[in-house]
Amino acid sequence: VMKSLAEVHKFAVSTCYTAVSAVDLQNAAFILERAQHIYIYATGESDHAGRIFARRMNRIGHRCIVIGSVSESLAYTDQLREEDAAMFISYSGKGILRFNDDMYLMESRNIKTLLLTEIQPSRHFDQVIRFPYVESDADNAATFYSTEAESYLLDWLYSMIFAMEYDKVKDHKQEVDR
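Remember, predicted model here, so these are calculated numbers, not experimental data.

Cut-offs and rules
Residues numbered from 1 in each chain as written. Predicted model: local features only at pLDDT ≥ 70, side-chain atom pairs only at ≥ 80, totals over all residues. Heavy atoms only, no water. Buried < 20%, exposed > 50% of the residue type's maximum accessible area, 1.4 Å probe, protein only. Helix = DSSP H or I, 4+ residues; strand = E, 2+ residues; numbered from the N terminus. Pairing = 2+ DSSP bridges. Phe/Tyr/Trp six-rings, centres within 6.5 Å; stacked < 30°, edge-to-face > 60°.

Undergrad: Explanation requested: the pairing of strand β3 (residues 85-89) in the structure shown.
TA: For β3, the tally of buried residues reaches five of five residues, placing the bulk of the element in the interior. Alternating residues of β3 divide into A85, M87 and I89 and A86 and F88, and every residue in both groups is buried. Taken together, the five bridges between strand β1 (residues 37-42) and β3 define a ladder with parallel strand orientation. Bridging across to β3, A42 finds its partner in I89. As paired strands, β3 and strand β4 (residues 112-117) are joined by five bridges and run parallel to one another. Directly across from F88, in β4, lies its bridge partner L115.

Undergrad: Could you clarify how one ought to interpret the packing of aromatic side chains in this entry?
TA: The description of two aromatic rings rests on the distance between their centres and on the angle between their planes. All chains considered together, the criterion is met by 13 aromatic pairs. A ring pair is formed by F11 and Y145, whose centres lie 5.8 Å apart and whose planes are at 50°; its orientation type is tilted. In this pair, F11 sits in helix α1 (residues 2-19) while Y145 sits in helix α7 (residues 144-164), placing the two residues 134 residues apart along the sequence. F11 sits in the partly exposed class, given a relative accessible area of 40%. With centroids separated by 5.8 Å and ring planes inclined at 65°, the aromatic side chains of F162 and Y166 adopt a geometry described as edge-to-face. Using a relative accessible area of 18% as the deciding quantity, one classes F162 as buried. The exposure class assigned to Y166 is partly exposed, which follows from its relative accessible area of 43%.

Below you can see the structure in the form of structure tokens.
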């Protein structure tokens, strides 16, 4: 089992590394780095990956709020301002459909939006990071590939932002980590 999990992890990382546009990730990093607050919209396994990313970003001084509950999302979305950004995480794209009302509100306020997914979105996002579709909901009881791919890409984003702000954030992170 351990060997199989290691192989899935290596496969997800190498697949994303070769298939995902570094330019798309760089553009997303610039949007997030400049945002006053980052609102992360995700459900299921994507919610877990989003929370880990938010925790890391908070530790280097970025204010991240994770919205995993659709029933409360509009209350949070109503607080978004033009200097904020919203990131949606959904492997299949099904999870983001739950946040349609939120997206309309963001659009009316000119909020920068990002999407991390394997789908071609049907609506506009300021930046889309697409990674290859490998697993099917019907074929897998576990979503190992998508979980690993999302985690890897969010680690990549975090690392880019950390590097862009290294002098500013290294001391803050060391202080928080104590």
